[in-house]
Amino acid sequence: MSNTQVNMEDEPDCGSDADVMFDDGLYIPGISATEPAGTTTVEIDVTKRKRRSVVWEEFEILEGKGFSDGKERAKCNRCRQIYKADSTTNGTETLRRHILHCPKRENKGPTQMTLGVNDGKLMLRDKKVDQVWVRDKVTRLIVRHELPLIFVEYEEFRELITYIFPDYTHITRNTQMAEILKFYNLESSRIHNLLKSFNGKISLTSDLWTSITNDGYLSLTGHYIDKDWVLHKKLLKFCIMPPPHTGINICEMVSKILSEWGIDRKLFSITLDGATSNFSFVELLKRNLNLKNALLCKGEFFHNRCCAHILNLIVQDGLKHIDESVALIRSSIAYVKGSQARKMKFLNICKQLSLPSSKGLHGDVTTRWNSTYIMLNSALFYRKAFENLGLVEDNYKTCPDSDQWLKIEKLMGFLHPFYEITVLLSGSKYPISNLYFENVWEIHKSLLEEVSHGLSFMRPMTIEMKKKFDKYWRNYSPILAIALVFDPRYKLSFVNWAFAKLAPLDPTGIDMGNNVKSALYQLFNEYKSMNASDYEIPSEFMQSVIAEADNGTKSQLDVYLDEPKIPFSDHDDEYDVLAFWKANGSRYPDVARMARDVLAIPVSTVASESAFSAGGRVIDKYRSKLLPSNAEALICLRDWMFDIHFRSEPVDDPVDVDNALGNVLGRLQIERETGDCSYPCAKRETKPNGLFFGISKLLRSFINDCSLDSFLNYCTLLKAKS
């Protein structure tokens, strides 16, 4: 590659207006300023390169053969004016200035035009505010981050938006609520049409909740797997539930909701907790649906109990008979947290023993057994610190001795599987019905072994836990055991093997295995008699294979069960059972339809309880007068538009709104006054998440996804030049 020296000369401008704009110092980030008049010697690369500038979208390249000097020209696509455009001698500054002042374009001054990014390309766009678009973005911000409606009336927010878009017309909180209701109605119609066109079955979860205003609310959530084998959950209703909360009243309310959504003939199951009213409610609902012939197998598999709730009851009953060593741990933690001086002494001991203080000491809550497990786990971590505290603190008399610490370790080993299962069964973003059987079987096996051969100090606890297990899970749940069959790593052979392993400790194990197999074929025959599958058969060959299987001695279900199981691997935690059925569903379409509906069954009511977590933040002590219909719109809309799991994102505290807005606006002010446009992100007082993240994201949307730093720098420079 060779280099040469050439003379660059100024090109004629497109008129006096262009000269004035240039002399005033128009500066647009990413566009180089014109060199001073005269001749400048520069060294350039003569190799012809691809034209990458955005200006070439507005100009046509004319080859140099038609001109005396043989150099290329650029012709404006609008006014047809021609400029020199040889890549070795001419820049693009003149062309850029022409774009701003082309007589065939709608003239825009520097304060009327701004830069944006579209599909990674730099482009000029009109800075005029689209009021509807901005309102939509603000509405999304409020709904997603659960901000109060008065957010749109905050002085800092209005100053910020006015600074960016002076022509924007601000709205009141009532108008903002109207915007939210508009979105709610649109999304409600979309979800209604989606469920109407859905050909599969829908499983439900429901729960009741009392708000801070002592109003009863009912939550109803639908779960289904679509034809692309993606698991979905939709919050169908979050509404006031008038008293009394009897089974009859709950049944009337739920039946009305199902009719409004048009899914009363598409139900597969409903998962509820152990509240007494739920038993009469589900029996009444089942009876009404059977009158419409809307349930499979006459509703035999319709009602499922929340596994997380049952597990909590089982362990809680056992902890009532727990050893005194746990009471000593509880008292020790209460002693350390009793005063600031004790906390400081405990922290100093941890520092001397090189124990990190970040883990912390955790107390327990009587209604949540897993909090007791977390308490014991944190105490074991700081065991040496407690022992040292007992040596230097005369008033500390509840420190466990070495034998009691050993008992706590044994108890932790026994409770650890229960804790892991609780966490696993509390998910709502992945199918977990296939995880039910193996985990419940592990619990059953562990209890039987502890009752028969366990340590004496733990036997009273395990006996009580075994009684509670037999009350709720004695016969397991056939439909959730069937869900494991649709995991190609297990199939029916694992169910038979698991019950056989229990037979020496529980003679009824073999009968339970036979019951699961009988229920599996009963449900398959029901699906086989239904309308044709909505799966597309890929070829005539596959049709012949299915027809041969159906006409022969083997059904589609037998073909699936007889095929080799998928071997286990080191990455089984990441195994996607839905991906298997998406790839293989057309081989046995009736089995795939059944698998799709069974795998969508929620084994806990976590999804409905998550709506109450959101409700507790929306209907708080600062917004206790919010209308129930408005609360429903805010909570349902957040679920429909963003599908956010209640544990997945940090929640913004409304009291921090002013501070967050002040930080953003303050940064704008600092850059405008000091000219420090390289203000680093590390100097922000607010971390890039939570409310600051939400506002920053809104600003990025305003500028077509330009970086916030670039946009603020541009605003500062533009204001300084104007």
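Further up the page is the structure itself.
Residues numbered from 1 in each chain as written. Predicted model: local features only at pLDDT ≥ 70, side-chain atom pairs only at ≥ 80, totals over all residues. Heavy atoms only, no water.

Draft legend 1. Spotlight on helix H9 (residues 324-336). Helix length check: H9, at 13 residues, gives a terminal C-alpha distance of 19 Å against a target of 18 Å (1.5 Å per residue), a fit within 8%. For H9, every residue scored as buried is listed here: Ser-325, Val-326, Ile-329, Ser-332, Ile-333, Tyr-335 and Val-336. Here the buried face of H9 lies against helix H10 (340-352), helix H11 (369-381), helix H12 (383-392) and helix H13 (402-424). (Helix = DSSP H or I, 4+ residues; strand = E, 2+ residues; numbered from the N terminus. Expected span 1.5 Å × (residues − 1). Buried < 20%, exposed > 50% of the residue type's maximum accessible area, 1.4 Å probe, protein only. Contact = heavy atoms within 4.5 Å.)

Draft legend 2. Structural view of the sheet that holds strand S9 (residues 216-225). With respect to topology, five strands assemble into an open sheet ordered S10-S9-S8-S11-S12, the strand pairing being mixed. Two strands bound the open sheet, and with one partner strand each, they are strand S10 (231-240) and strand S12 (303-305). Averaged over all pairs of adjacent strands, the angle between their axes in this sheet comes to 25°, without regard to strand direction. Running at roughly 175° to strand S11 (residues 267-272), helix H7 (residues 276-291) makes contact with S11 and S12 of the sheet. (Pairing = 2+ DSSP bridges. Axes fitted to C-alpha atoms, helices over the stretch in contact; angles between N-to-C directions.)

Draft legend 3. View of unusual backbone geometry. Note the cis peptide between Pro-243 and Pro-244, where omega equals 0°. Tracing the backbone shows Pro-244 in the loop between S10 and helix H6 (247-261). Phi at Trp-229 is positive, roughly 60°, even though this residue is not glycine. When you line up the elements, Trp-229 lands in the loop between S9 and S10. Judged by relative accessible area, Trp-229 falls into the buried class, the value being 5%. Phi at Asn-293 takes a positive value of approximately 55°, unusual for a residue other than glycine. You can see Asn-293 is positioned in the loop between H7 and S12.

Draft legend 4. Broad picture of the packing of aromatic side chains. Within this structure, the stated rule accounts for 33 aromatic pairs. Here the aromatic rings of Trp-229 and Trp-581 are separated by 6.3 Å at their centres, their planes lie at 20°, and the arrangement is stacked. Of the two residues, Trp-229 sits in the loop between S9 and S10 while Trp-581 sits in helix H21 (residues 577-584), which places them 352 residues apart along the sequence. Residue Trp-229 shares its accessibility class with Trp-581, and that shared class is buried. (Phe/Tyr/Trp six-rings, centres within 6.5 Å; stacked < 30°, edge-to-face > 60°.)

Draft legend 5. Here's a closer look at the sheet that holds strand S4 (residues 73-76). Pairing within the open sheet is antiparallel, and its three strands lie in the order S3-S4-S5. Two strands in the sheet have a free side with no partner beyond their single neighbour: strand S3 (59-62) and strand S5 (82-84). Taking the axes of each pair of neighbouring strands and ignoring which way they run, one obtains an average angle of 30° across the sheet. Here three bridges tie S4 to S5, and the two strands are oriented antiparallel to one another. By the bridge assignment, Arg-73 is partnered in S5 with Lys-84.

Draft legend 6. View of the pairing of S11. For S11, a buried count of six out of six residues is recorded, marking the element as mostly surrounded by other parts of the structure. In this sheet, S11 lies alongside strand S8 (residues 202-210) in parallel orientation, the contact comprising four bridges. Bridging from a neighbouring strand, Ile-202 pairs with Leu-267 of S11. As judged from the three bridges shared by S11 and S12, these two strands associate in the parallel manner. The residue of S12 that forms the bridge with Leu-272 is Arg-305. Crossover handedness for the path S11 to H7 to S12: right-handed. (Right-handed = clockwise from strand over helix to strand, strands pointing away.)

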